[in-house]
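Here is how the chains run, residue by residue.
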Amino acid sequence: EDITRYLDLVAVSIGSDIVPIIDENRILAYYGLQELNTSPCTGLESIIDLTDLSSKEIQINDIVFKIGPRINAAGRIDTGKTAVELLTTTDRDFALQIGNSIDGMNSYRKEIDHNITEEAIAQIEADENLKNAYSTVVFSPNWHKGVVGIVASRLTESYYRPTIVLTENNGLVVGSARSVEGFDLYSAVTACGDLLESFGGHTYAAGLTMKKENLEPFRQRFEEYVRANITEDQRRPVIRIDTEIMIKEI
């Protein structure tokens with residue numbers, strides 16, 4: 001009874017973080033969606049109203065594409081504190097006020113995300129070496145650091161290779177990296193560690209910071225590592241097939 005009321009937040013976490021919905025996660029998501037549909041917390045209720053979800057049964061896809069991105073937009077564009085305030089308040093008027101603010105941030109996030117992606121693609125297409133490389137490392141001092149991770153994911157989908165999108169912040173070059181199926185991105189970044197001020201992450205995603213003068217040496221070494229270690233299979237998009245069935249079995 002004490003914790004059931006928090007299952008709406010659990011379902012939102014599971015959906016937003018794109019984790020496998022199996023085993024205990026499936027149970028938590030199932031009951032979390034029930035809570036989200038019947039007794040959401042005040043903050044989530046404001047987002048549900050803003051996204052016109054109040055008249056339908058909310059599914060995981062609604063969390064992935066409508067609820068989650070709005071909560072994340074606060075941290076990407078302004079500060080995560082705004083989202084915390086939204087999810088902890090019991091004041092409906094205050095929740096609607098923050099909800100409207102976050103909704104605006106999400107619209108702005110989509111706009112700059114689109115613009116930066118277009119600029120990054122133009123950068124790649126204008127450079128024959130970059131276009132034919134085994135990796136993508138793009139940089140602009142004017143890009144918003146809150147969305148470079150999203151842009152890296154989009155470029156990975158477009159070109160299907162390990163990708164790093166960098167911008168400038170407080171005199172340093174900072175950015176996010178994304179990988180392809182089976183390629184250990186973290187090992188690739190670690191191999192360039194002496195050129196970095198700091199970095200962290202895992203097999204498929206990483207964040208990194210470097211001095212401006214190390215950008216070109218990093219770009220070259222990262223490309224060399226990827227070229228030497230990636231397999232031909234890892235350079236082709238993967239389609240996951242669970243099993244084969246006959247037409248008559250459908």
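What comes next concerns the included structure. What you are looking at is a predicted structure, and each value in this text was computed from that prediction instead of being measured.

A few words now on helix H10 (residues 215-229). The terminal C-alpha atoms of H10, which comprises 15 residues, lie 21 Å apart, in line with the 21 Å expected from a rise of 1.5 Å per residue. Inspection of H10 places Leu-215, Phe-218, Phe-222, Glu-223 and Val-226 among the buried residues, and these make up the whole buried set. On an axial view of H10, the arc spanned by its buried residues comes to 130°, and they lie on one face. Residues of H10 that are exposed and point over 90 degrees away from its buried face: Glu-224 and Ala-228. Close packing links the buried residues of H10 with strand E1 (136-139), strand E2 (163-169), helix H9 (185-190) and strand E5 (205-210).

Among the secondary structure elements, Ala-228 is positioned in helix H10. Along the chain, Ala-228 and Tyr-134 lie 94 residues apart, while their C-alpha atoms are 9.5 Å from each other.

It is worth spelling out the packing of aromatic side chains at this point. Counted by the stated rule, this structure contains 4 aromatic pairs. Seen in terms of ring centroids, Phe-183 and Tyr-225 are 6.5 Å apart; in terms of plane orientation they differ by 70°. Their pairing is edge-to-face. Separated by 42 residues along the polypeptide, Phe-183 in the loop between strand E3 (172-178) and H9 and Tyr-225 in helix H10 bring together distant segments of the chain. On the accessibility criterion, Tyr-225 (23% relative accessible area) is partly exposed. Ring geometry for Tyr-186 against Phe-199: centres 5.8 Å apart, planes inclined by 50°, an arrangement best described as tilted. Residue Tyr-186 is located in helix H9, and its partner Phe-199 is located in strand E4 (residues 198-201); the two are separated by 13 residues in the primary sequence. Residue classification places Tyr-186 among the partly exposed positions, given a relative accessible area of 31%. The cationic tip of Arg-235 hangs over the ring face of Tyr-134; the distance from NZ or CZ to the ring centre is 3.7 Å.

Analysis parameters
Residues numbered from 1 in each chain as written. Predicted model: local features only at pLDDT ≥ 70, side-chain atom pairs only at ≥ 80, totals over all residues. Heavy atoms only, no water. Helix = DSSP H or I, 4+ residues; strand = E, 2+ residues; numbered from the N terminus. Expected span 1.5 Å × (residues − 1). Buried < 20%, exposed > 50% of the residue type's maximum accessible area, 1.4 Å probe, protein only. Arc of directions from axis to C-beta. Contact = heavy atoms within 4.5 Å. Phe/Tyr/Trp six-rings, centres within 6.5 Å; stacked < 30°, edge-to-face > 60°. Lys NZ or Arg CZ within 6 Å of the ring centre and 35° of its normal.

Honestly, it's all geometry; don't read function into it.
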